[in-house]
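# Close look at the chain arrangement
Residue strings, one per chain:
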Amino acid sequence: MELKFLTKFIDEEGLDVELMKSEYRWKAADSWTKAFENDLLMKYLSADLRTPPEQSKMVYAHFGALLLYGLTKIVLVIDGGASVLVATPSKSTRKSGYLASQAIRFVEWLPSAVTGLKRAADANAKMERMRQDNLGQRKDEMFWINAVFTHPEHQKRGYAGRLLDTLFKLADLSGQGCFLECGPENVAFYKGHGFNVVDNVILESEGSRVEIRLMVREATK
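Scope of this entry: the structure provided in the associated data block. (Residues numbered from 1 in each chain as written. Predicted model: local features only at pLDDT ≥ 70, side-chain atom pairs only at ≥ 80, totals over all residues. Heavy atoms only, no water.)

### A closer look at the packing of helix α2 (residues 25-35) against helix α4 (residues 55-72)
Interaxial distance between α2 and α4 falls to 8 Å at its minimum, and their mutual angle equals 125 degrees. The orientation of α2 relative to α4 falls into the category oblique. Between α2 and α4 lies a crossing of right-handed hand. Counted together, Arg 25, Trp 26, Ala 28, Ala 29, Asp 30, Trp 32, Thr 33 and Lys 34 of α2 and Gln 55, Met 58, Val 59, Tyr 60, His 62, Phe 63, Ala 65, Leu 66, Leu 67 and Tyr 69 of α4 form the full contact between these two elements. Looking at the contact of α2 with α4 residue by residue, the classes come out as 12 nonpolar, three polar and three charged. (Axes fitted to C-alpha atoms, helices over the stretch in contact; angles between N-to-C directions. Helix = DSSP H or I, 4+ residues; strand = E, 2+ residues; numbered from the N terminus. Parallel < 35°, antiparallel > 145°, perpendicular 65-115°, else oblique. Left-handed = near helix turned anticlockwise from the far one by under 90°. Contact = heavy atoms within 4.5 Å. Nonpolar A, V, L, I, M, F, W, Y, C, P; charged D, E, K, R; others polar.)

### What to know about the packing of aromatic side chains
Under the definition given, this model contains nine aromatic pairs. Between Trp 26 and Tyr 60, the aromatic rings sit 5.4 Å apart at their centres with planes inclined by 85 degrees, giving edge-to-face as the arrangement. Placement of Trp 26 in helix α2 and of Tyr 60 in helix α4 is noted, with a sequence separation of 34 residues between them. Residue classification places Tyr 60 among the exposed positions, given a relative accessible area of 58%. Centre to centre, the rings of Phe 189 and Tyr 190 are 5.0 Å apart; their planes meet at 75 degrees, and the pair counts as edge-to-face. Taking the relative accessible area as the measure of exposure, Phe 189 reaches 33% and is therefore partly exposed. An aromatic cluster of three or more residues is present, and its members are Trp 32, Phe 36, Tyr 69 and Phe 149. For the cation-ring pair, Arg 119 lies above Tyr 44, with the distance from its terminal atom to the ring centre recorded as 4.6 Å. (Phe/Tyr/Trp six-rings, centres within 6.5 Å; stacked < 30°, edge-to-face > 60°. Buried < 20%, exposed > 50% of the residue type's maximum accessible area, 1.4 Å probe, protein only. Lys NZ or Arg CZ within 6 Å of the ring centre and 35° of its normal.)

### Focus on the sheet that holds strand β4 (residues 143-150)
One open sheet accounts for seven strands, arranged β1-β2-β3-β4-β5-β7-β6; its pairing is mixed. Two strands close off the open sheet at either side, each with one partner strand: β1 (18-19) and β6 (196-205). Bridging between strand β2 (residues 74-78) and strand β3 (residues 83-88) involves five bridges; their strand directions are antiparallel. Each residue of the ladder has a partner; that of Ile 78, found in β3, is Ser 83. Its contacts with the sheet put α2 on β3 and β4, and the angle it makes with β4 is roughly 85 degrees. (Pairing = 2+ DSSP bridges.)

Below you can see the structure in the form of structure tokens.
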């Protein structure tokens, strides 16, 4: 999806949402790290590690990921990175080229490198199977919302909802649906924004267990 189109779209809508800028990345990386500090899936994945990653190291990892996301994904922010939405555009609107393809491969590998290979690989395989079973080839023509997060000190201000609404306007304009994965604790929030649960997967290893729901929002006219 062309940067010029996204910028024009956001400007014309008169929104307080912006595309990610270089000066926002450190704040956004810090928001990402702190927002997921107690995330159940991240705790499950990091259990493979002898020593959990330090927050300072996670900030650097998230900064690097956000840098690469600019090549392959839509990254929307509010308040200079206090709240962030990351989405993979539909296949027909993705950027192409060698650099983008290599960035996609790195970004797909990053979670397993940061959290621990065994559980992350198993989780990725199970969630991909769930997407394929429920969405099939259609998932390539939908917006995949990879992450929505807000720094704890900036929550309860409606930031995440405004980020979602912005992406929905873009998705509806192109006639494409959206999908995401989340834990049970976030289902009510996403249902309030038009998503429905279509399936779930249980991740289990050595007595640890976490449930992930697949949710879909269809495009509206």
